[in-house]
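# Observations on the three-dimensional arrangement
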Amino acid sequence: MIVLGVGGGIAAYKAPALLRLLTEAGHEVRVVPTPAALNFVGAATFEALSGAPVVTGVFEGAARVDHVALAAAARAVVVAPATADLIARHTAGMADDLLTATLLATRAPVILAPAMHTAMLEHPATRANLAALRERGVTVLDSPAGRLAGADSGPGRMAEAAEIAAAVERALRPQDLVGLTVLVSAGGTREPLDPVRFLGNTSSGKQGVAIAAAAAARGATVTLVAANVQVPVPDAVRVVRVGTAVELRTALLEQADEADVIVMAAAVADFRPAASQPTKIKRDGQEALTLQLIANPDILAGLIARRRDGQVIVGFAAETGDAERSALAHAQTKARLKGADLTVANSVAGGAVFGEDSNDAVLLDRAGGIVRRVAGSKADVAEAVLDAALGI
Ligand code: CTP
């Protein structure tokens, strides 16, 4: 169960969106607004969306000793918005409503999403309070600049609901990859033909980003080398952006020595135009155009050739079946020939997998043997890939 505390600020109107995200992710949520929060959003909204009663004072549920029960049952307490007053009361250890009492009694991870006027955020009192809470292990999310209540704008907006939900997920995760460095490539390379055209592929980068996000959420230090990735990458992941296969290779080789795990999820163009034209290729009345392509380096093979002791390298195999052999059989051959410690085999017949939110993959060992099949969201596949790579 997660406790969602809601402070009495204008950003409270965004709390129902966060509640929705948390319940849709499968969490049971108990909403604990401060009495002031109910000036902005009614209890009925929270009750309808959470499916649970909403209580604000310590005396309403006195017989059940709500604050102690909630504090003990919570796996995480997230406060969104956390107002200056609420932050001050919690920093001082006050417990004058159910939310502050719960915050004081809980031993679960606490995440605060502060939201207030810039002047209040920058006041030395608020700054000192937030610093003290951070020191105590509370996760304090950034309050980005933007439009505030009234005509003003500046720092003090509440973090986006999706970002707060992601912070909750991180807080719930076992930190079993702390101390490990993970290097992930994602996306699809683009090989320029001329200043406006390229040879590319339809990889969205979602699976690689999901692996990077999962590794970071489990405490690893993560670098993502992103080739034309369009999807958002969590803040906890360091991103190096590249375009072509050669740039991808350079960026990966620079980081490879430090990595304990390398996941090569990018879809790399095997060939690039022999020459990229400096000006636009003209039609010039031609009915056909012949392009000469030259081979790109096999980046995965290069990484495997210089693999250091204890380093785990994960390759991908995007295959289509043909008349003679299935996609899986092709992937098993590739796993054996390439020598990655783990190969994530996908069947991409008919454009499946690329750009989708779900994946259906078979994990193969160095000999091409099946470790396990995993079907589900790209986030589920990411966890399975990390578990298998680390023998968890
Ligand atoms: N890969 C790579 N460098 C390349 C091509 C692919 O590092 N020039 C990596 C991919 O990131 C992936 C694995 O190799 O982890 C397999 O990619 P895939 O495209 O399935 O296979 P290829 O090795 O390119 O073989 P083919 O296209 O002939 O099936």
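The residue Thr-56 is located in the loop between α2 (43-50) and α3 (66-73) in this model. A polar atom in the side chain of Thr-56 sits 3.2 Å from the side chain of Glu-60.

Let's shift gears to the sheet that holds strand β18 (residues 358-364). With respect to topology, eight strands assemble into an open sheet ordered β12-β11-β8-β13-β16-β17-β18-β19, the strand pairing being mixed. Each edge of the open sheet carries a strand with a single partner, namely β12 (238-242) and β19 (370-377). Taken pair by pair, the neighbouring strands of this sheet meet at an average axis angle of 20 degrees, ignoring direction. For strand β17 (residues 342-347) and β18, the ladder comprises four bridges, and the chain directions are antiparallel. Within β18, the residue paired with Thr-343 across the bridge is Leu-364. Contacts between helix α9 (residues 206-217) and the sheet are confined to β8 (181-187), β11 (221-227), β13 (261-264), β16 (312-319) and β18, with β8 contributing the most and set at about 160 degrees to the helix. Contacting β8, β11, β12 and β13, helix α10 (residues 245-256) runs over the sheet at an angle of about 150 degrees to β12.

With that settled, the discussion passes to a negative patch on the surface. The grouping of Asp-142, Glu-160, Glu-163 and Asp-235 at the surface amounts to a negative patch. Take Glu-160: its relative accessible area is 45%, and that puts it in the partly exposed class.

The next thing to look at is the pattern of salt bridges. Pairing is possible between side chains that carry opposite charge, provided their charged atoms lie close to one another. Summed over all chains, the structure comprises 17 salt bridges. A salt bridge links Lys-334 to Glu-319; the shortest N-O distance between them is 2.7 Å. Here Lys-334 is found in helix α12 (residues 327-338), whereas its partner Glu-319 is found in strand β16, with 15 residues between them in sequence. The shortest N-O distance in the salt bridge between Asp-341 and Arg-366 comes to 3.2 Å. Residue Asp-341 is located in the loop between α12 and β17, and its partner Arg-366 is located in the loop between β18 and β19; the two are separated by 25 residues in the primary sequence.

With 36 residues, the main nonpolar core has Val-184, Ile-211, Val-222, Leu-224 and Val-385 as its most contacted residues. When residues no more than four places from it in sequence are discounted, the contact partners of Val-184 are Gly-208, Ile-211, Ala-212, Val-222, Thr-223, Leu-224, Val-225 and Val-263. Counting 30 residues, the second largest nonpolar core, distinct from the first, contains Ala-15, Leu-18, Val-29 and Ala-80.

Near the ligand there are 14 residues, and of these Ala-266, Leu-300, Phe-316, Lys-334 and Lys-338 occur at the shortest range. Within the backbone of Met-264, one N or O atom sits 2.8 Å away from an oxygen atom of the ligand. One of the backbone nitrogen or oxygen atoms of Ala-266 is found 2.7 Å away from an oxygen atom of the ligand. Here the ligand, which alone exposes 560 Å², has 77% of that area covered by the protein. For the shell around the ligand, the secondary structure elements donating two or more residues are α11 (299-305), β16 and α12. Sort the elements by how many residues they give to the shell around the ligand and β16 lands first, with four residues. Split into classes, the residues belonging to the shell around the ligand amount to nine nonpolar, one polar and four charged.

With that settled, the discussion passes to unusual backbone geometry. Following Ala-80, the chain continues to Pro-81 via a peptide bond in cis, the omega torsion being 0 degrees. You will see that Asp-284, though not glycine, has its phi angle at about 50 degrees, which is positive. Structurally, the position occupied by Asp-284 is in the loop between β14 (271-273) and β15 (293-295). The exposed category is assigned to Asp-284, whose relative accessible area is 66%.

About the cut-offs
- Residues numbered from 1 in each chain as written.
- Predicted model: local features only at pLDDT ≥ 70, side-chain atom pairs only at ≥ 80, totals over all residues.
- Heavy atoms only, no water.
- Helix = DSSP H or I, 4+ residues; strand = E, 2+ residues; numbered from the N terminus.
- Polar contact = N/O pair within 3.5 Å; in protein donor to acceptor, adjacent residues only side chain to side chain.
- Pairing = 2+ DSSP bridges.
- Axes fitted to C-alpha atoms, helices over the stretch in contact; angles between N-to-C directions.
- Contact = heavy atoms within 4.5 Å.
- Patch = residues over 30% accessible without salt bridge, like charges linked within 9 Å, V, L, I, M, F, W, Y side chains within 5 Å.
- Areas by Shrake-Rupley, 256 points an atom, 1.4 Å probe, with all protein chains shown as cover.
- Salt bridge = Lys/Arg side-chain N within 4 Å of Asp/Glu carboxyl O.
- Lys, Arg positive; Asp, Glu negative; His and termini not counted.
- Charge placed at Lys NZ, Arg CZ, Asp CG, Glu CD.
- Buried < 20%, exposed > 50% of the residue type's maximum accessible area, 1.4 Å probe, protein only.
- Core = buried A, V, L, I, M, F, W, Y, C linked by side-chain atoms within 4.5 Å.
- Near = heavy atom within 4 Å.
- Nonpolar A, V, L, I, M, F, W, Y, C, P; charged D, E, K, R; others polar.

Coordinates in, geometry out; function isn't part of it.
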